[in-house]
Amino acid sequence: MIGLSELDSQEFVLEEILGHTRVASGRMKEVDRYRFTVRWLGYKDAYEGETYKSICHTPAFKTYCNTRPALKKIFASAMKGKTGSRRRKKVKWSSNSSIEDE
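A brief look at the structure comes next. (Residues numbered from 1 in each chain as written. Predicted model: local features only at pLDDT ≥ 70, side-chain atom pairs only at ≥ 80, totals over all residues. Heavy atoms only, no water.)

### Remarks on the packing of aromatic side chains
Part 1 of the argument: Enumeration over the complete set of coordinates arrives at seven aromatic pairs.
Part 2 of the argument: A centroid spacing of 5.6 Å and a plane angle of 65° characterise the contact between Tyr34 and Phe75, whose relative ring orientation is edge-to-face. Pair noted here: Tyr34 is in strand β3 (residues 34-40) and Phe75 is in helix α3 (residues 69-79), with a separation of 41 residues, a long-range link. Exposure class is identical for Tyr34 and Phe75. Each is buried.
Part 3 of the argument: Both rings, one in Phe61 and one in Phe75, keep their centres 5.3 Å apart while their planes meet at 80°; by these two values the pair is edge-to-face. Of this pair, Phe61 sits in helix α2 (residues 59-66) while Phe75 sits in helix α3, and the two are 14 residues apart along the sequence. (Phe/Tyr/Trp six-rings, centres within 6.5 Å; stacked < 30°, edge-to-face > 60°. Helix = DSSP H or I, 4+ residues; strand = E, 2+ residues; numbered from the N terminus. Buried < 20%, exposed > 50% of the residue type's maximum accessible area, 1.4 Å probe, protein only.)

Purely geometric stuff here, so don't read any function into it on its own.
Structure (structure tokens):
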């Protein structure tokens, strides 16, 4: 599968994802802990260190995750999009507050 990624207002075509590594731990989101080895169309050398954010919207990434159940589980909620994953902030109202107080 071939997908597009945009970097510095130039378009690069993602030919394939060759592998991945988990590079960090700590206070990072799980999806940000992974780096991917990719091959861009027109380049014969592989590039290591591509982030989730730069390739997540490509069909190649979805195909790569679908063939690896452990990764699919990690990235499933992130791949759904941000609209369904956001939580609404709860607002607490005190019993003695009124509109006039604001």
